[in-house]
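What the coordinates show
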Amino acid sequence: MAAAAAVPGPGPAEAAAPGEEAAGAGPQGPARLARLPLARVKALVKADPDVTLASQEAVFVLARATELFVETIAKDAYVYAQQGKRKTLQRKDLDNAIEAIDEFAFLE
């Protein structure tokens, strides 16, 4: 019987997409999956007098949700910038996206 050759590097379940690090990789673990600095997010959470404790997981989820929200509103606002034949987002593009999309009604 032939022994299977060991292939160096991450296996299929451990492979990370280009530009992403695998969860748990590095000293901060899931912190690498967030683009916002978790220490700053935690400081903002703790600035709320109603918050006494905030777990690392809760801070991570808040940071990730914030990133997704900013990404969504920026993409929607960019459509309005393109309609104006511009590549740079302006305040009026964000205002138009907020007015046109029901999901952003809480920002009005």
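Here the structure is a predicted model, which is why all the values come from computation and not from measurement. (Residues numbered from 1 in each chain as written. Predicted model: local features only at pLDDT ≥ 70, side-chain atom pairs only at ≥ 80, totals over all residues. Heavy atoms only, no water.)

Looking at helix α2 (residues 56-83)
In this model α2 runs 41 Å from its N-terminal to its C-terminal C-alpha over 28 residues, within 8% of the 40 Å that 1.5 Å per residue would give. Where the residues of α2 are buried, they touch α1 (38-46) and α3 (91-100). Count one or two residues on from α2 and you reach K85, which has phi positive near 60°. (Helix = DSSP H or I, 4+ residues; strand = E, 2+ residues; numbered from the N terminus. Expected span 1.5 Å × (residues − 1). Contact = heavy atoms within 4.5 Å.)

Overview of the pattern of salt bridges
Within the structure shown, the criterion is met by four salt bridges. In this structure, the salt-bridge partner of R86 is D93, at a minimum N-O distance of 2.8 Å. For D95, the salt bridge identified is with R91, shortest N-O distance 3.3 Å. Residue D95 and its partner R91 are located together in helix α3, separated by four residues, close to a single helical turn. Judged by relative accessible area, which is 63%, R91 ranks as exposed. (Salt bridge = Lys/Arg side-chain N within 4 Å of Asp/Glu carboxyl O. Buried < 20%, exposed > 50% of the residue type's maximum accessible area, 1.4 Å probe, protein only.)

Description of the side chain of D93
Within the fold, D93 resides in helix α3. A distance of 2.8 Å separates a polar side-chain atom of D93 from the backbone nitrogen of Q90. Filtering out sequence-adjacent residues up to four positions away, D93 remains in contact with A77, Y80, A81, R86 and T88. (Polar contact = N/O pair within 3.5 Å; in protein donor to acceptor, adjacent residues only side chain to side chain.)

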